[in-house]
Amino acid sequence: MLVKVKGSNYNNCSNILSHRILVSHFSNLVSHCSNLVSHCNNLVCHFNNLVSHFSNLVSHFSNLDFQPITRTCPEGYFFNSQAQWPENPCLPTIAAQRVSTLEPQLTHLPQVVMTPSCENIRNAYIDQGLCDSYTECRNFKPIKRVCPDGLNYNPAAKWPAYPCSYPNEAPCLGRQQILVPKPTAECQRQYGIFPSPKAAANECGRYVICSAGYAYDMTCPLGLAFNPATSSCDWPYNVLSCNVNEFYGLQCPPAEIDESGNPIVVNLKYGNDCQYFFSCESGKGKLLKCDPGYAFNTASGRCENADYVECTPQGDAKLKPVAQSLSSY
């Protein structure tokens, strides 16, 4: 059966359908707007998280001083677990067998806030013109430091390197010294390198390294003497306190010059080794050694190819000076 729909009724249906479509589109728009708002909220949340992370990074950067730093002692030294920061924790290897007996009374550096401003200096050392003290800026705050007895402040030190050195490495050069020396039976000061108080007149090569008042015996290489002026091993004739003749057991002849005005050098075999010899020049003597593969020829007074020199090596036999005068040569 066919139903005839009047035009007006048909138009009304079309309008209703159009309204429904519009409502549907509006609902979709509302949904999209809700999604956009949700995304915006998520963006705001992410932004807050970024701000939080940035704050954490700033906080982490501000606390770098609490981070561990791996350090290595120089060759020939070992780490002393009883050392107190910021003193030098490295001791000579020879002290390893005695470190367990050290009393835990190593020099502590006083920390007293003083006047110099560190307002714009985070971490650094400030030279106060004193020999054994300085100011350390840490986190923009000044702290007065004093080097251990016997060590001097080194103005060339850069933070965070240890700024206290032996006097031969950091001389006072007229700067005022505020610490009173604290000598012991074996050490002139708590820290330092000094002549051995046990050395005999002919033992110029003996010296001690003092750490926390304990002395560790050391010896210069064969033929060299300890020089207190430089805290190092030197030729004996440069050491005023060393009797060269007793040290070597030999005496050089008076200085002589040749026709050209050059000093005459006199060489003599020394001890029971094929490579060592005693050399005199301008009245000053020193112990020398031939290069590997060479031996000292007493006939020529020079180092020559060992294959052509009559000499019987004595192995590891200890060198013994020949007590005689060279004045007849």
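Computed from a predicted structure; not experimentally measured. (Residues numbered from 1 in each chain as written. Predicted model: local features only at pLDDT ≥ 70, side-chain atom pairs only at ≥ 80, totals over all residues. Heavy atoms only, no water.)

Participant: Explain the nonpolar core to me, please; I cannot follow it from the model alone.
Facilitator: Side chains of nonpolar character tend, in soluble globular proteins, to be buried together. Grouped together as the largest cluster of nonpolar side chains are 15 residues, with contacts concentrated most on Ala-225, Cys-242, Phe-247, Tyr-248, Tyr-270 and Phe-278. If you list the elements that add at least two residues to this core, you get helix H2 (244–248) and strand E15 (276–281). Among the nonpolar cores identified, the runner-up in size contains 14 residues, and Tyr-125, Tyr-134, Ile-193 and Ile-209 belong to it. (Core = buried A, V, L, I, M, F, W, Y, C linked by side-chain atoms within 4.5 Å. Buried < 20%, exposed > 50% of the residue type's maximum accessible area, 1.4 Å probe, protein only. Helix = DSSP H or I, 4+ residues; strand = E, 2+ residues; numbered from the N terminus.)

Participant: What is the right way to read the sheet that holds strand E9 (residues 206–211) from this model?
Facilitator: What links the strands of a sheet is backbone hydrogen bonding, and the strands pair in either a parallel or an antiparallel sense. Within the open sheet, the three strands sit side by side as E8-E9-E10. Their pairing is antiparallel. Looking along the sheet, the strands with just one partner apiece sit at the ends: strand E8 (192–195) and strand E10 (214–219). Recorded for the sheet is a direction-independent mean angle of 30° between the axes of neighbouring strands. With four bridges joining them, E8 and E9 adopt antiparallel strand pairing. Within E9, the position partnered with Gly-192 by the bridge is Cys-210. (Pairing = 2+ DSSP bridges. Axes fitted to C-alpha atoms, helices over the stretch in contact; angles between N-to-C directions.)

Participant: Would you take a moment to explain the confidence of the model for the protein chain for this structure?
Facilitator: Detailed reading of predicted coordinates is not advised where the pLDDT is low. Summarising the model, the protein chain shows a mean pLDDT of 74, and 61% of its residues fall at 70 or more. Contacts for the low-pLDDT stretch residues 1–11, under 50 throughout, to residues beyond four places or in other chains number one contact. Across residues 43–47, where pLDDT falls below 50, the model places zero contacts with residues more than four positions away in sequence or in other chains. (pLDDT = per-residue confidence, 0-100. Contact = heavy atoms within 4.5 Å.)

Participant: Would you explain the side chain of Asn-152 in this entry?
Facilitator: Summarising the element assignment, Asn-152 is placed in strand E6 (residues 152–153). With relative accessibility at 3%, the residue Asn-152 sits in the buried group. Not counting chain neighbours up to four residues away, the residues in contact with Asn-152 comprise Cys-131, Cys-147, Pro-163, Cys-164, Ser-165, Pro-167, Ala-170, Pro-171, Cys-172 and Gln-177.

Participant: Help me understand the pattern of salt bridges in this model?
Facilitator: Pairing is possible between side chains of opposite charge, provided their charged atoms come close. Counted by the stated rule, this structure contains five salt bridges. We note a salt bridge from Arg-138 to Glu-136, for which the minimum N-O separation is 3.2 Å. Among the salt bridges present, the one from Glu-203 reaches Arg-206, with a minimum N-O distance of 3.4 Å. For Glu-203, a relative accessible area of 30% translates into the label partly exposed. Note on Arg-206: relative accessible area 23%, which makes it partly exposed. (Salt bridge = Lys/Arg side-chain N within 4 Å of Asp/Glu carboxyl O.)

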